[in-house]
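# Examining the three-dimensional arrangement
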Amino acid sequence: MNDTRARGALAQDYDARRARDWARLALVLAACSVFTVVAGAGSDGWLVLLTGVGGLSLAGAGLWWALAHRGWPRLLGALLALLVPLGVLGLYASSGLWVVAVCAIGLWTAALASARAALRSVRRPHGKRRRRGRKTPPPSKPVFIMNPRSGGGKVERFDLARRAEALGARVILIAPDGTTDPEAEARRALAEGADLLGVAGGDGTQALVAAVAAEHDVPFVVITAGTRNHFAMDLGLDRTDPVTSLEALTDGVEFRIDLGDVDGRAFVNTVSFGAYAEIVQSPEYRDAKAFTALDLLPDLLMGDAGATLGVRADATHLHAPQAVLVSNNPYARADPFGGGRRPRLDSGKLGVIGIKVEGAAQAAEVVLRGERAGGITSVKSTRVEVTADRPHIPVAVDGEALVLPVPVVCTLRPGALRVRVPRRRPGATYSPPNVDWRRIVRLALDRPVGDLGEADE
């Protein structure tokens, strides 16, 4: 025991020294980037900096006009968002400052990479970084529910049904006409003696069957046969080859993760409110996503359509956000569209990201400051309550379009789901948060910055 603690202490000390070194390198590179601009451009150095910042601001404002308006304002906004960055680059080239700009950008990119390496070095204590799981005996009566249409037909393309049956599993195929109820099939399978439930399908189907598995405390297996496989990605599975997911039956390990709950319905990834939830309700969305979004966004962003929301996330209150994303465990970065990574799936906390951008100036701030902009709120919570100025609101649960009565309450069931995964799998790579230079300075000075989470592998 003492040897283990000693090794852990040495590992933590090594990580602390590595984080300090990376942080100091990041600060040096950032200083070199600024010095390159000021010294390399001479008296025009600050003009170069201001031109770059101004160009980004104008591009952000143009993007807002393109999304929030129609007709000529949209066209002009799109042209501004496209042409201003090109104009800035042209100015640098014509003035002979392009070499200075390229060097400065290269140094700044290296500074950001070093800063992220520093943050990556101070995640969870060394012994807890990799979730290896608990070795358990193979199931005797596994049942898989497979959606042949999911992921563009991956079930058939990878011959998943036959491969699963060859490993002793019973396979239930979801009918193309949508008459198959995955939840009912899962309950029937358990009543007939199944000791493991698995799904090859989208995250919405995963959530329905996962809820049944959690209710009966049986292992759950994810096969990466969906389109995006967000849940599988954060479990560390191989999204490029669904066949490898079946190794969980013969050479698998188990661990427990949290399961989200929205008004009694389980979710494994996210619950969306506001603009995105309104858009996915449109019948045209499935066949013309971009066109439908551009058609509906102006009214939604300007408040002429959709419900006015109120959000209470523990002690945090949001009034009239345009979009809200509640996630089963927080994302490493505040991405309102849920395109990031979740470092953990067992923190016992919901992630809440709200966005409220009311004009071109705020849009420019978002472009410049990212998740630290005033229009973006990112918090952790144990309970989220969403109210509105109408009795029912659109809600997107793991991408599925629903309409629910208000208030809509999101909670978490900590450790509710037993997940079985292949022992050998790629793992979920650690995704550090956006760079906070105050943290980097503290690291460089050997001051603690707090835990930044761990990779859920």
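Because the structure is a prediction, the values reported are computed rather than measured.

### Structural notes on the confidence of the model for the chain
Residues with a pLDDT of 70 or more make up 86% of the chain, whose mean pLDDT is 83. In this model residues 124-130 is a low-confidence stretch, pLDDT under 50, and it forms 18 contacts with partners more than four residues away in sequence or in other chains.

### Section: the nonpolar core
Ranked by internal contacts, the top residues of the largest apolar core, which has 35 residues, are L197, F220, F231, L235, I257, L259 and L417. Contributions of two or more residues to this core are made by β2 (142-146), α7 (182-191), β4 (196-200), α8 (203-216), β5 (220-223), α9 (230-235), β6 (252-262) and β17 (408-422). The element that contributes the greatest number of residues to this core is α8, accounting for seven residues. The residues touching F220, leaving out its near neighbours within four places in the chain, are L197, V199, Q206, V209, A210, A213, F231, L417, R418, V419 and R420.

### Looking at α8
Structurally, the α-helix is built with 3.6 residues per turn, so residues lying three or four positions apart point the same way. Counted at 1.5 Å a residue, the expected span for α8 with its 14 residues is 20 Å, and the 20 Å between its end C-alpha atoms agrees. Of all 14 residues in α8, 11 are buried, a share of seventy percent or more. D217 sits one or two positions beyond α8 and adopts a positive phi of about 55 degrees.

### Let's talk about a positive patch on the surface
Taken together, the side chains of R149, R228, R286 and K289 make up a positively charged region of the molecular surface. Classification of K289 by relative accessible area gives partly exposed; the value is 39%.

### Remarks on the pairing of β6
Two faces, one strand: in a regular strand the side chains alternate between the faces of the sheet. In terms of residue burial, β6 counts as a mostly covered element, since 10 of its 11 residues are buried. Two strands pair when backbone bridges link them, and strand β1 (residues 134-135) and β6 are joined in this way by two bridges, in the antiparallel orientation. If you follow R134 over to β6, its bridge partner there is E254. In this sheet, strand β7 (residues 265-267) lies alongside β6 in antiparallel orientation, the contact comprising three bridges. The partner of V262 across the bridge, within β7, is R265. Counting the residues that bridge the hairpin from β6 to β7 gives two residues, and of these D263 lies at a positive phi of roughly 50 degrees.

What counts as what
- Residues numbered from 1 in each chain as written.
- Predicted model: local features only at pLDDT ≥ 70, side-chain atom pairs only at ≥ 80, totals over all residues.
- Heavy atoms only, no water.
- pLDDT = per-residue confidence, 0-100.
- Contact = heavy atoms within 4.5 Å.
- Core = buried A, V, L, I, M, F, W, Y, C linked by side-chain atoms within 4.5 Å.
- Buried < 20%, exposed > 50% of the residue type's maximum accessible area, 1.4 Å probe, protein only.
- Helix = DSSP H or I, 4+ residues; strand = E, 2+ residues; numbered from the N terminus.
- Expected span 1.5 Å × (residues − 1).
- Patch = residues over 30% accessible without salt bridge, like charges linked within 9 Å, V, L, I, M, F, W, Y side chains within 5 Å.
- Areas by Shrake-Rupley, 256 points an atom, 1.4 Å probe, with all protein chains shown as cover.
- Salt bridge = Lys/Arg side-chain N within 4 Å of Asp/Glu carboxyl O.
- Lys, Arg positive; Asp, Glu negative; His and termini not counted.
- Charge placed at Lys NZ, Arg CZ, Asp CG, Glu CD.
- Pairing = 2+ DSSP bridges.

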